Amino acid sequence: MWCRRLVWLLRGPCQQCGSSGRRWPWPCRDTRTKVAALARGHHTAPGALPCAWQLHGDHLELRYRNTLMRLDFVWLRDHCRSASCYNTKTNQRSLDTASVDLAIRPQAVRVDETTLFLTWPDGHVTRYGLEWLVKNSYEGQKKRVMHPRILWNAEIYRQAQVPSVDCRSFLETDEGLKEFLQNFLLYGIAFVENVTPTKEDTEILAERISIIRETIYGRMWYFTSDFSRGDTAYTKLALDRHTDTTYFQEPCGIQVFHCLKHEGTGGRTLLVDGFHAAEQVLRQAPEQFELLSKVPLKHEYVESVGGCHNHMIGVGPVLNVYPWNNELYLIRYNNYDRAVINTVPHDVVRRWYHAHRTLTTELRRPENELWVKLKPGKALFVDNWRVLHGREAFTGYRQLCGCYLTRDDVLNTARLLGLQA
């Protein structure tokens, strides 16, 4: 238990009695007596603060509400928000981090009901709101979710009755756009209805929320089952669940699908929440989840058809997580495009296969499969970092168009509308 509202002195006059010449941790005799008495009694000051703190060799330990924070002295100096250290107009740091003494220690520390005050050896004073520290400390971030989501299987999604957004509302009103983006952020998929079934109108739709990402497939891709590219997608065959562009160093963030015409049978689209499946692996076999999040693999796309010649390679684990809170942010799963496994030593590869099988079993559970019949006028947006898609085989003539969107721009649009993204 720490003493509350206690000022430790590093140098200078005693802030308790005014005497001088003492160096921390040795305040004057009167102050030491008071400190000892407070410590022995686990003193709580009148109107007890929900805060207690203690200095250590290289950091300040601060407990506020239910969070115990360990704040490095260099970190505390580097993140100062005073006018000379931080430009609030540009939200950019002015302080040269490389100029901060790596052995720096505060000369004095004080805490009131809302604020931490630190006085540095050169006399500079840093102030931090306690709420700001809880939000921005490592310990606070461990408790926070970067991207709020609703994990789903087919039944959960159907019961949620997530509405599609009308095209006119999507294009012309902030309310319609915000509703669409909220659905997309929570579930990783969202639909727009009553879209004119042309490639041009689909492009207008996509540009409402993002810059279109141009890739080797062009800006807006448009295909039928003519095998014009050396890819299984350009056939009438069924496609198992997968994420796209795993062979990019940064897989495309969002994918747009719009079926413009289909004269035949079959061709339903399969959607699976990869994060829901991964969550089941984390609960049932955490050591396998960890393996899938740490073992790097190569994915590649080799194309040599007509005038198209490409050999693309992307590297990364199947599951990508934020290391401070183990939150999943990207799944890179494509059994078609996975290259030779030559980045994994022999004593790990068998365990990786077991972990991959566990994840695949979850992804292929029938209850996790959401089947959707795309039709002209109904556009589908898919979070390619989260939701796997596939297709059943089909007959007849089928036209599909779509594009990839830059993830940062989609998230920026959502934030501008007040959403957490």
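Analysis parameters
- Residues numbered from 1 in each chain as written.
- Predicted model: local features only at pLDDT ≥ 70, side-chain atom pairs only at ≥ 80, totals over all residues.
- Heavy atoms only, no water.
- UniProt positions renumbered as here; feature names shortened; annotations may be inferred.
- Core = buried A, V, L, I, M, F, W, Y, C linked by side-chain atoms within 4.5 Å.
- Buried < 20%, exposed > 50% of the residue type's maximum accessible area, 1.4 Å probe, protein only.
- Helix = DSSP H or I, 4+ residues; strand = E, 2+ residues; numbered from the N terminus.
- Arc of directions from axis to C-beta.
- Contact = heavy atoms within 4.5 Å.
- Axes fitted to C-alpha atoms, helices over the stretch in contact; angles between N-to-C directions.
- Parallel < 35°, antiparallel > 145°, perpendicular 65-115°, else oblique.
- Left-handed = near helix turned anticlockwise from the far one by under 90°.
- Nonpolar A, V, L, I, M, F, W, Y, C, P; charged D, E, K, R; others polar.
- Pairing = 2+ DSSP bridges.
- Phe/Tyr/Trp six-rings, centres within 6.5 Å; stacked < 30°, edge-to-face > 60°.
- Lys NZ or Arg CZ within 6 Å of the ring centre and 35° of its normal.
- Polar contact = N/O pair within 3.5 Å; in protein donor to acceptor, adjacent residues only side chain to side chain.

As annotated in an unreviewed UniProt entry, the chain carries the name Trimethyllysine dioxygenase, mitochondrial and comes from Sakesphorus luctuosus. What UniProt records for the chain under Function (unreviewed entry) is the sentence "Converts trimethyllysine (TML) into hydroxytrimethyllysine (HTML)." Note on the chain: under the UniProt heading Subcellular location (unreviewed entry), the record states "Mitochondrion matrix".

J.: When you look at the nonpolar core in this model, what are you seeing that I'm missing?
T.: Soluble globular proteins tend to pack their nonpolar side chains together in the buried interior. By size, the foremost hydrophobic cluster in this structure holds 28 residues, and its most contacted members are Phe-170, Phe-180, Leu-181, Ile-209, Phe-381 and Leu-405. When residues of this core are traced back to their parent elements, those giving at least two are α6 (167–172), α7 (174–187), β10 (189–193), α8 (199–207), β14 (254–263), β21 (379–383), β23 (397–405) and α12 (407–416). Among the elements that take part in this core, α7 stands out by supplying five residues, more than any other.

J.: Could you clarify how one ought to interpret α8 in this entry?
T.: It helps to recall that an α-helix has 3.6 residues per turn; residues three or four apart then point in one direction. Within α8 the residues assigned to the buried category are Thr-202, Leu-205 and Ala-206. Down the axis of α8, the sector holding all buried residues measures 95°, keeping them to one side. Lining the buried residues of α8 we find α6, β10, β11 (212–213), β14, β21 and β23.

J.: Honestly, the environment of Gly-123 in this entry has me stumped. Any pointers?
T.: Tracing the backbone through its elements, the reader meets Gly-123 in the loop between β7 (115–119) and β8 (125–129). We classify Gly-123 as partly exposed; its relative accessible area is 43%. Here the alpha-carbon distance between Gly-123 and Pro-106, two residues 17 residues apart in the chain, equals 9.5 Å.

J.: It is not clear to me how the packing of helix α9 (residues 274–284) against helix α11 (residues 346–363) should be interpreted in this structure. Could you clarify?
T.: Any two packed helices are characterised by how steeply their axes cross, that is the angle between the axes, and by the distance between the axes. In contact at an axis separation of 9 Å, α9 and α11 are set at 130° when each is read in the N-to-C sense. As the angle between them shows, α9 and α11 are arranged oblique. As for how α9 packs across α11, the hand of that crossing is right-handed. On α11, the residues touching Gly-274, Ala-277, Ala-278, Gln-280, Val-281 and Gln-284 of α9 are Thr-358, Leu-359, Glu-362 and Leu-363. Here the contact of α9 with α11 is composed, by residue class, of five nonpolar, four polar and one charged.

J.: Explain the sheet that holds strand β15 (residues 269–273) here, please?
T.: Paired through their backbone hydrogen bonds, the strands of a sheet run either parallel or antiparallel. Strand order in this open sheet of four strands is β13-β22-β15-β20, and the pairing throughout is antiparallel. Edge positions in the open sheet fall to β13 (239–242) and β20 (370–372), since each of these has one partner strand only. If you compare each strand with its neighbour and ignore which way they point, the axes differ by 20° on average. Two elements, β15 and strand β22 (residues 387–391), share five bridges in a ladder whose sense is antiparallel. By the bridge assignment, Val-272 is partnered in β22 with Leu-388. Against the sheet, α9 engages β15 and β22, with an angle of about 40° to β15.

J.: How do you make sense of the packing of aromatic side chains when you look at a structure like this?
T.: Geometrically, a pair of aromatic rings is defined through the distance of the ring centres and the angle of the planes. Applying the stated rule across the entire model yields 17 aromatic pairs. Ring centres of Tyr-322 and Tyr-329 lie 4.7 Å apart, and the angle between their planes is 20°; this geometry places the pair in the stacked category. On the basis of relative accessible area, Tyr-322 is assigned to the buried category, the value being 15%. A connected cluster of aromatic rings, assembled from ring pairs, spans Phe-170, Phe-180, Phe-184 and Phe-381. Over the face of the ring belonging to Tyr-86 we find Arg-81, whose NZ or CZ atom lies 3.9 Å from the ring centre. Above the ring of Phe-394, the side-chain terminus of Arg-398 is found at 5.1 Å from the ring centroid.

J.: Explain the environment of Gln-280 here, please?
T.: On the secondary structure map, Gln-280 appears in helix α9. Residues Gln-280 and Glu-362, spaced 82 residues apart in sequence, show a C-alpha to C-alpha distance of 7.4 Å.

J.: Honestly, α9 in this entry has me stumped. Any pointers?
T.: Those residues of α9 that sit buried are Gly-274, Phe-275, His-276, Ala-277, Ala-278, Gln-280 and Val-281. Lining the buried residues of α9 we find β15, α10 (286–294), β18 (319–322), β19 (327–331), α11 and β22. Its side-chain oxygen 3.1 Å from the backbone nitrogen of Phe-275, Asp-273 forms the N-cap of α9.

J.: Even after reading the chapter, I still don't get unusual backbone geometry, so can you show me in this structure?
T.: What is expected of a backbone is that most residues other than glycine have negative phi and most peptide bonds are trans. Positioned with a positive phi, Arg-65 is a non-glycine residue whose angle comes to about 55°. Note on placement: Arg-65 falls in the loop between β2 (59–64) and β3 (67–72). For Thr-245, which is not glycine, the phi torsion reads 50° and is therefore positive.

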